[in-house]
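Letter by letter, the chains look like this.
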Amino acid sequence: MKLLICGAGSIARELLKQLGDDWEVTLVDKSSEELEKTASIFPDIVNTHVEDASSAAVMEKLDAGNYDYVLALTADDKVNSVIAELAGKYGVNHISAFIKDAEIAAALRHEGTHVIRMSSLAAGQLYHYLQDPRMRVTPLGLGPANVMEVKVSDHPSVSGKRAGFLRRRGARLAAIFRGEKLIFPKTDTVISDEDRLVIIGDTSIFQTVCGILECGLPRFPLAYGSGILVALRDSEKREGVAPEATEALYLAQNIHIKHVTLLNAEPEDRYVEHIATWPDNLNVAMESAEGTIPEIIRSECRRGSYGMVVTKVFEKKLLKSFGRPDYVRLSNEIDRPLLISRGTVPYEKFLVPFNGSAMAELAVETAVDISKQMGGEITIAIVEQPDFITGDGTSEWKDRVLARVNELSHVHKVRFDVVIGKGNPVKEIAAMSSDFGLMIVGSNNRDRGLLSPNVGENIAASAECSVLLMAF
């Protein structure tokens, strides 16, 4: 991530001591002495400039719009205010400024700038001292303590446990938000799926809470259910084991699940031999069901805890691409990921089409989770479409999408390969897919008509590799 720090004083020095090596830092200050002192703390600084960052000419020279973050940390409120305004004009997404004056701070917040007011934190500490000098109330922003908010839905392992489970040395569960209600938990208060937890602790709270909540525990597919449902080819005469079952076996050996159900496993004797090769800790069952594959998938998912469904490629029908999106609609109806199996295991390379949508981001997060469990490289595919189709300037759209990919890489601490194409996204991505083991596609669940086919549906149908479709 690219970071521009304007002001090389004590705040900048303390910040640089904590930054990791995944930041490209440029430092600007009018004082060469301050620059030299601060740069010595962080030797990997890309550039230093003895300049006035509140000058529009200087910000243009620095190409301010090319930074992910701009920090205004000088000792002058007016200078910091101008720096923030200039960064905003250059389209910087993340801007923060050190401000003492309340009116200037309010104006900058209104413009979307993240404002730090150290004076208000100090005033709060003095206020509590004046009320009762025996009390030592230290604002979290200054003292050796942190506060952390956790969504239980992001950490399924803690749901159903009692509040005392989170009581550890150096950390306490201070409050629970349950909808609009604030709860001060007792030791035996039961935590539910929809809760937001507020935890307070010392400076090691992040590591402590992660250890308690098992942050490293993979979420896919356990966040959706504990098993895999494999819908085998209906009424189809064949020899041996279907490719869908082989692909499901590969998944069972590499991701965290508890049980597998094979539907319509014929010839049964071959599948009995096949099941003997599955991990011993899995409960593997064979069941029969009548109806088409979509029908039996819907029925089984209504009564079983499945984190994903594995199915064959559906038979092609006349003008299929102009009809209702079968894969997307099915994934939406069962409310969990649908794997369209083409038998392209092992998954050594993952492909994720990305357009900046919420579902595309979910696909990226899922790819990260799967790759952490079984290894493999992730490639993000971005396809520019003509302006007359998107209604948006192609270059501006591409820049926004690339910036978001960069942010996701930073958040998940994973390096993505990025491939950019131009033209029809279905054709471009289908052409790429032959080089990958698994494609993860996030799609909206809206049915499309004759003149506007569902892109996610057609990508899933046209790919040459297996596709994990997420269309909730």
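In this text, all values refer to a predicted model and were calculated from it rather than measured experimentally. (Residues numbered from 1 in each chain as written. Predicted model: local features only at pLDDT ≥ 70, side-chain atom pairs only at ≥ 80, totals over all residues. Heavy atoms only, no water.)

A. Spotlight on the sheet that holds strand β9 (residues 181-183). An order of β7-β10-β8-β9 is seen for the four strands of this open sheet, with the pairing classed as antiparallel. If you trace the sheet from one side to the other, it starts and ends with β7 (145-151) and β9, each paired once. With strand direction ignored, the average angle separating the axes of adjacent strands in the sheet is 20 degrees. (Pairing = 2+ DSSP bridges. Helix = DSSP H or I, 4+ residues; strand = E, 2+ residues; numbered from the N terminus. Axes fitted to C-alpha atoms, helices over the stretch in contact; angles between N-to-C directions.)

B. How the structure looks around the nonpolar core. Core analysis: the largest hydrophobic core is formed by 49 residues, its most contacted members being Leu251, Leu262, Met308, Ile378, Ile380, Phe416 and Ile440. When residues of this core are assigned to their parent elements, the largest contribution, eight residues, is made by helix α12 (residues 358-374). The residues touching Leu262, leaving out its near neighbours within four places in the chain, are Val230, Leu232, Tyr271, Ile275, Val284, Ala285, Met286 and Glu287. (Core = buried A, V, L, I, M, F, W, Y, C linked by side-chain atoms within 4.5 Å. Buried < 20%, exposed > 50% of the residue type's maximum accessible area, 1.4 Å probe, protein only. Contact = heavy atoms within 4.5 Å.)

C. Highlighting helix α9 (residues 268-275). Every buried residue belonging to α9 is among Tyr271, His274 and Ile275, and all of these are buried. Buried residues in α9, looked at end-on, bunch into an arc of 95 degrees, giving them a common side. Relative to its buried face, α9 has exposed residues pointing more than 90 degrees away, namely Asp269 and Glu273. As for α9, its buried residues are in contact with α8 (243-254), β12 (259-263) and β13 (283-287). (Arc of directions from axis to C-beta.)

D. Local environment of the side chain of Thr26. Relative to the elements of secondary structure, Thr26 occurs in strand β2 (residues 24-29). Within the local environment of Thr26, its side chain forms a polar contact with the side chain of Tyr67, the two groups lying 3.0 Å apart. If near-sequence neighbours (up to four positions away) are discounted, Thr26 is found in contact with Leu3, Leu4, Ile5, Asn47, His49 and Tyr67. (Polar contact = N/O pair within 3.5 Å; in protein donor to acceptor, adjacent residues only side chain to side chain.)

E. A look at the environment of His114. Along the polypeptide, His114 turns up in strand β6 (residues 114-116). Every residue in contact with His114, bar those within four places of it in the chain, is listed here: Ile95, Ser96 and Ala97.

F. Main features of the side chain of Arg336. One can find Arg336 in the loop between α11 (326-334) and β15 (338-340). A polar atom in the side chain of Arg336 sits 2.9 Å from the backbone oxygen of Tyr306. Looking at Arg336, its side chain comes within polar contact range of the main-chain oxygen of Ile334, at 2.7 Å. Those residues in contact with Arg336, other than ones at most four positions away along the chain, are Tyr224, Cys301, Gly304, Tyr306, Gly307, Val309, Ser331 and Phe472.

G. Just the confidence of the model for the protein chain, in detail. Averaged over all residues, the pLDDT of the protein chain is 84; the fraction at 70 or higher stands at 84%. Within the protein chain, strand β16 (residues 349-353) carries the highest mean pLDDT (98), whereas helix α13 (residues 387-390) carries the lowest (52). Confidence drops under pLDDT 50 across residues 447-452; counting only partners more than four residues distant or on other chains, this segment forms nine contacts. (pLDDT = per-residue confidence, 0-100.)

H. Local environment of the sheet that holds β2. Spatial ordering of the open sheet is given by β3-β2-β1-β4-β5-β6, a layout of six strands whose pairing is parallel. A strand with exactly one partner marks an edge of an open sheet, and here the two such strands are β3 (47-50) and β6. Each strand of the sheet is rotated relative to its neighbour by a mean of 15 degrees, with strand direction disregarded. Sheet analysis places β2 next to β3, joined by four bridges and oriented parallel. Bridge assignment links Asp29 to a residue of β3, and that residue is Val50. Of the strands in this sheet, β1 (2-6), β4 (69-72) and β5 (94-98) are in contact with helix α4 (residues 77-89), which crosses β5 at around 175 degrees.

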